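# Overview (structure and organization)
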Protein chains: 2
Amino acid sequence: MLNLSVSTVSRALKDHPDISESTKQKIRDLAAVLEYEPNTYAINLRTNGSREFGVIVPSVSNYFYQSFISSLEEEARLYGYSLLILQSGDDPLIEQENLKRCRQTRVAGVFVAITSSTVDLTSFLKLTEIDIPVIFFDKVPSYEACNKVCVGDTSAAVLGAEALVQKGKLNILAVFGDPRMSITRKREEAFTHVIEKAELETTLTKAYAGSFLEALTVTEELLTKAERPDAIFCMSDEILTGVMKCLQKLNLKTPQDIGVIAISDGFIPTLYYPEITYAETSGTKLAKLSFTRMLSCLSGSPFVQELRLDSILVEGGSL
Amino acid sequence: MLNLSVSTVSRALKDHPDISESTKQKIRDLAAVLEYEPNTYAINLRTNGSREFGVIVPSVSNYFYQSFISSLEEEARLYGYSLLILQSGDDPLIEQENLKRCRQTRVAGVFVAITSSTVDLTSFLKLTEIDIPVIFFDKVPSYEACNKVCVGDTSAAVLGAEALVQKGKLNILAVFGDPRMSITRKREEAFTHVIEKAELETTLTKAYAGSFLEALTVTEELLTKAERPDAIFCMSDEILTGVMKCLQKLNLKTPQDIGVIAISDGFIPTLYYPEITYAETSGTKLAKLSFTRMLSCLSGSPFVQELRLDSILVEGGSL
DNA sequence: AACATTTCCGCAAACGATTGTTGTGGAAAA
DNA sequence: TTTTCCACAACAATCGTTTGCGGAAATGTT
């Protein structure tokens, strides 16, 4: 319409010095009128990159990933990125498919919380090789040479244990998650260590629950026995909800009848009265940290590192 | 490497009859060895379309959208689509930005739950014009000519009210959400209508709460007065959590001291003992319905329609 | 007036995949 | 021997944008 070549238009729209101001203005005006919008497909093809990140989680309807994704999206938006959400359903096969999808889609980078049974990391590493940074978060593999960002499992468990010791709780029930997960082992180890180091006459009962329901039943079983514990430690939000339902069922009040402390993102604890005391593992903070790490990977930082987020104790009234 | 042209390779990989079987096999083999993967950017450019849907919600960390997104992702995956998640933060300006992003990214379609203050629909309609279907879900505009999929607000509220009437509750406290939202008005209207139509000597107290916290305080205020209600109706999960926390605080038991019924997606009610009776508004079902609608839009169905999901009553033990 | 230097813009070649058209052998039919 | 036909594969254009290079006109310099 202006009798100008495509290249001139392209340059004008990018404010290239080669184009005269008058031409630029004409082009800009017409572009506005025509509501011109550059074709992202073509740009992607030419630049061989997109403004999208892949996010692979076991499930988005999870206490923790929800807040992680929410924060990550906000952060990404500020930098002009979007999030491609993929769920693995905690199935390594689907996880592989999703990873493939990320490769095909050629996302700018991938954030992933692996499934509890992921063992083969080769396809993750393959992504890194073709310059797609992979940031593992929360559920991270034990393999060394990869970027990991996770909450301080040790730190949180230690905080929880110390709070219990300090309150003088001597008969403690600790409910952990699936014992096959490394996160469970780490938290259990740290927790146990602190309790033992205190050198008190503490009775520590450990239980494991793979689900909300299991947490409920296993807790009920242990609480109806003689010698009721005077405090319960819950490794996660999922466990906490199970335990709390059990307490309601048995009509036990916190903190009078029994103390409760958890490791949590912070939402679930506020649902109860009094609010549950918890060691915070913030999805929000983790998201910000992960994003920062991703940006530095994209800008070429070759350093592979493991970042840990220290947790803090948030006092409710349940202990 | 095989001394073959690009076009031959392309055809071979698509099993085109023009290519001899021997050549095809050689190409397939080499492709496998080289781990060839077609460039999605180029395909998108050529076909002028992508296998991604945009999803715009006020926030992913919401009781309802969480399960919606989770189901939608599963459904999308089966059809080879992915989800681009965008949050509006309940801000119409950011919603516009996100919409623009969808246009630029040229997604195959958009699912959107509008903010409570969205009034201008022109940019949504503009998407439809350029053949990007827009499916409004849950929070839908009142404008007629668009595709809407939502839970039956009326249906759910009616179910709740009927259950209360049937249980012989005569002093009812109904807690609703922000009165400015159309969803609140619809539910309130339907609920009130059923109660009044029953022609009993029912005392109906209505309260409004814009947040979890407000629900807690307003309920507490009303419950500590003389003539305590014998049942509480909660319009949403958010209200329910506030009300339940209040009941814990006042040490009131359900159903002995007071009955509780809610409209909910179904997750929150299971956290309590006994589980809360609720009229279901399933995010999962809504997602499946929305996706089906999207598919038919993509296959060219020009029909614009409003779909409503009837809800069912799920009996807990709280009434 | 002759030459040097800007200024401004177009040409063409990428990016990778697809597809209508064309070309080239060889075998079968005339 | 010549013609016809088929099987197979290459050519070239296309999607929309970017960018190195070159060229023409305008301006500046002796």
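Before going into details, it helps to say that this report is about the structure given with it. (Residues numbered from 1 in each chain as written. Chains lettered and ligands numbered in written order. Predicted model: local features only at pLDDT ≥ 70, side-chain atom pairs only at ≥ 80, totals over all residues. Heavy atoms only, no water.)

### Some words on the state of the cysteines
All names here are of chain A. Applying the stated criterion to the full structure yields zero disulfides over all chains. The thiol of Cys 297 is not disulfide-bonded; the next cysteine sulfur, from Cys 146, is found 11 Å away. Using a relative accessible area of 13% as the deciding quantity, one classes Cys 297 as buried. (Disulfide = S-S within 2.5 Å. Buried < 20%, exposed > 50% of the residue type's maximum accessible area, 1.4 Å probe, protein only.)

### Focus: the packing of helix α9 (residues 212-223) of chain A against helix α10 (residues 237-249) of chain A
Residue and element names in this part refer to chain A. Close contact between α9 and α10 brings their axes to 7 Å; oriented N to C, the two are set at 45°. Taken together, the axis directions place α9 and α10 in an arrangement best described as oblique. By crossing handedness, the relation of α9 to α10 is classed as right-handed. Contacts from Phe 212, Ala 215, Leu 216, Thr 219, Glu 220 and Leu 223 in α9 reach Glu 238, Ile 239, Thr 241, Gly 242, Val 243, Lys 245, Cys 246, Leu 247 and Lys 249 in α10. For the contact of α9 with α10, a count of residues per class yields eight nonpolar, three polar and four charged. (Axes fitted to C-alpha atoms, helices over the stretch in contact; angles between N-to-C directions. Helix = DSSP H or I, 4+ residues; strand = E, 2+ residues; numbered from the N terminus. Parallel < 35°, antiparallel > 145°, perpendicular 65-115°, else oblique. Left-handed = near helix turned anticlockwise from the far one by under 90°. Contact = heavy atoms within 4.5 Å. Nonpolar A, V, L, I, M, F, W, Y, C, P; charged D, E, K, R; others polar.)

### Considering the pairing of strand β7 (residues 203-208) of chain A
All names here are of chain A. Two elements, strand β6 (residues 171-176) and β7, share six bridges in a ladder whose sense is parallel. Each residue of the ladder has a partner; that of Ala 174, found in β7, is Lys 206. Remark: the β6/helix α8 (residues 182-197)/β7 crossover connection has right-handed handedness. (Pairing = 2+ DSSP bridges. Right-handed = clockwise from strand over helix to strand, strands pointing away.)

### Here's the deal with unusual backbone geometry
Residue Pro 255 of chain A is bonded to the preceding Thr 254 of chain A through a cis peptide linkage, with omega at -5°. Along the polypeptide, Pro 255 of chain A turns up in the loop between α10 and β9 (259-264). With an omega of -5°, the peptide bond running from Tyr 273 of chain A to Pro 274 of chain A counts as cis. Not every positive phi belongs to a glycine, and Asp 15 of chain A is a case in point at roughly 60°. Take Asp 15 of chain A: it is sitting in the loop between α1 (6-13) and α2 (21-34). With relative accessibility at 46%, the residue Asp 15 of chain A sits in the partly exposed group. Unlike most non-glycine residues, Glu 35 of chain B shows phi in positive territory, near 55°. Tracing the backbone through its elements, the reader meets Glu 35 of chain B in the loop between α2 (21-34) and α3 (40-47). A relative accessible area of 49% places Glu 35 of chain B in the partly exposed class.

### Description of the protein's contact with DNA strand C
Of all residues adjacent to DNA strand C, which total 24 residues, the nearest are Ser 5, Thr 8 and Thr 23 of chain A together with Arg 11 and Tyr 36 of chain B. Counting only atoms of DNA strand C within 4 Å of the protein, the sugar-phosphate share comes to 54%. At a separation of 3.1 Å, a phosphate oxygen of DNA strand C approaches a polar side-chain atom of Ser 10 of chain B. Contacts to DNA strand C include Arg 46 of chain B, whose side-chain N or O atom sits 2.8 Å from a base oxygen. Listing elements by their share of the surface near DNA strand C, those giving two or more residues are α1 and α3 (40-47) of chain A together with α1 (6-13) and α3 of chain B. Here the surface near DNA strand C gets four residues from one element, more than from any other, and that element is α1 of chain B. (Near = heavy atom within 4 Å. Polar contact = N/O pair within 3.5 Å; in protein donor to acceptor, adjacent residues only side chain to side chain.)

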